[in-house]
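Take a look at the letters that make up each chain.
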Amino acid sequence: MSGMIKVLFVCLGNICRSPLAEGIFKYKVTRDGLGDKIHVESAGTSGWHIGESPDPRSVEIAERNGIFLDSYGRKAVSEDFNEFDYILAMDSSNYADLKRLKNSSTNGAAQLFLMRDFDDIGKGQDVPDPYYGGEDGFSYVFELLDRSCENLLETIKKNHDF
Ligand code: 4NP
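Residues numbered from 1 in each chain as written. Predicted model: local features only at pLDDT ≥ 70, side-chain atom pairs only at ≥ 80, totals over all residues. Heavy atoms only, no water.

At their nearest, the axes of helix H2 (residues 56-64) and helix H5 (residues 135-160) sit 10 Å apart, and the two run at 55° to each other. Classified by the interaxial angle, the pair formed by H2 and H5 is oblique. The hand of the H2/H5 crossing is right-handed. Facing Arg57, Ser58, Glu60 and Ile61 of H2, the residues of H5 in contact are Glu135, Phe138, Ser139 and Phe142. Considering only residue class, the contact of H2 with H5 consists of 3 nonpolar, 2 polar and 3 charged. (Axes fitted to C-alpha atoms, helices over the stretch in contact; angles between N-to-C directions. Helix = DSSP H or I, 4+ residues; strand = E, 2+ residues; numbered from the N terminus. Parallel < 35°, antiparallel > 145°, perpendicular 65-115°, else oblique. Left-handed = near helix turned anticlockwise from the far one by under 90°. Contact = heavy atoms within 4.5 Å. Nonpolar A, V, L, I, M, F, W, Y, C, P; charged D, E, K, R; others polar.)

Structural data, given as structure tokens:
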């Protein structure tokens, strides 16, 4: 795994948004034959859902798009900033929490971004938390993540000559 570019998606619970982002991004990485070059994970800023599978509504919207989600909830830690190259926060609250983790890491080389820095429609906005809403919140989040993941992958390909 050393030598690989490592990408970490982070939300609050690590059961709705970031597992979906992980699944979508892995799908695109595989599609483009980059599975041996790019490693993908997700995590939560909270420890509320450690060990849990993604929310059934994220699993459902992913499956409807041919994507299988297989992650288990874990909490983001400061060491992630030493381990990963790109860390993507789903919203500004996640970003603020991650900034604190970055500052408490030993070298913290990972670059921290907002996910929608890579969305050409609504750049820099939050990926809204769909947890307390209905099904349509999840299809909206899917669209945002799909666009953002595509542009993030293009950026990584350019940055690393893939
Ligand atoms: P996520 O959504 O951050 O996209 O995974 C949430 C999941 C669970 C909770 C909040 C947000 N919760 O309060 O348990």
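There's plenty left to go through after this.
So, on to the pattern of salt bridges. Applying the stated criterion across every chain, the model contains 18 salt bridges. The shortest N-O distance in the salt bridge between Asp32 and Arg31 comes to 2.8 Å. Overall, the relative accessible area of 44% leaves Arg31 in the partly exposed class. Notably, a salt bridge pairs Arg64 with Glu60, separated by 3.1 Å at the nearest N-O pair. Here the residue Arg64 and the residue Glu60 both occupy positions in helix H2, the gap between them amounting to 4 residues, near one helical turn. Overall, the relative accessible area of 56% leaves Arg64 in the exposed class. By relative accessible area, Glu60 is classed as partly exposed at 37%. (Salt bridge = Lys/Arg side-chain N within 4 Å of Asp/Glu carboxyl O. Buried < 20%, exposed > 50% of the residue type's maximum accessible area, 1.4 Å probe, protein only.)

In this section: the side chain of Ser71. With respect to the helices and strands, the residue Ser71 is situated in the loop between H2 and helix H3 (80-83). Taking the relative accessible area as the measure of exposure, Ser71 reaches 10% and is therefore buried. Leaving out residues up to four positions away in the same chain, Ser71 has contacts with Pro19, Glu22, Ser42, Glu52, Ser53 and Pro54.

Right, let's talk about the environment of Gly33 for a bit. As for its placement among the helices and strands, Gly33 is situated in the loop between helix H1 (17-31) and strand E2 (38-44). Overall, the relative accessible area of 53% leaves Gly33 in the exposed class. Placed 60 residues apart in sequence, Gly33 and Ser93 show a C-alpha to C-alpha distance of 34 Å.

In this sheet, strand E4 (residues 111-114) lies alongside strand E3 (residues 86-89) in parallel orientation, the contact comprising 4 bridges. Residue pairing in the sheet places Leu88 in a bridge with Phe113 of E4. One crossover worth recording links E3 to the parallel E4 by way of helix H4 (residues 92-103), and it is right-handed. (Pairing = 2+ DSSP bridges. Right-handed = clockwise from strand over helix to strand, strands pointing away.)

Our focus in this paragraph is the site of the ligand. In the vicinity of the ligand, the contacting residues are Cys11, Leu12, Gly13, Asn14, Ile15, Cys16, Arg17, Trp48, His49, Asp129, Tyr131 and Tyr132. For the ligand, an oxygen atom lies 2.9 Å from a polar atom in the backbone of Cys16. Surface burial for the ligand is 93%, taken as the share of its 350 Å² of free accessible area covered by protein chains. The class makeup of the residues in the shell around the ligand is 7 nonpolar, 3 polar and 2 charged. (Near = heavy atom within 4 Å. Polar contact = N/O pair within 3.5 Å; in protein donor to acceptor, adjacent residues only side chain to side chain. Areas by Shrake-Rupley, 256 points an atom, 1.4 Å probe, with all protein chains shown as cover.)

So yeah, pure geometry; function would need other evidence.
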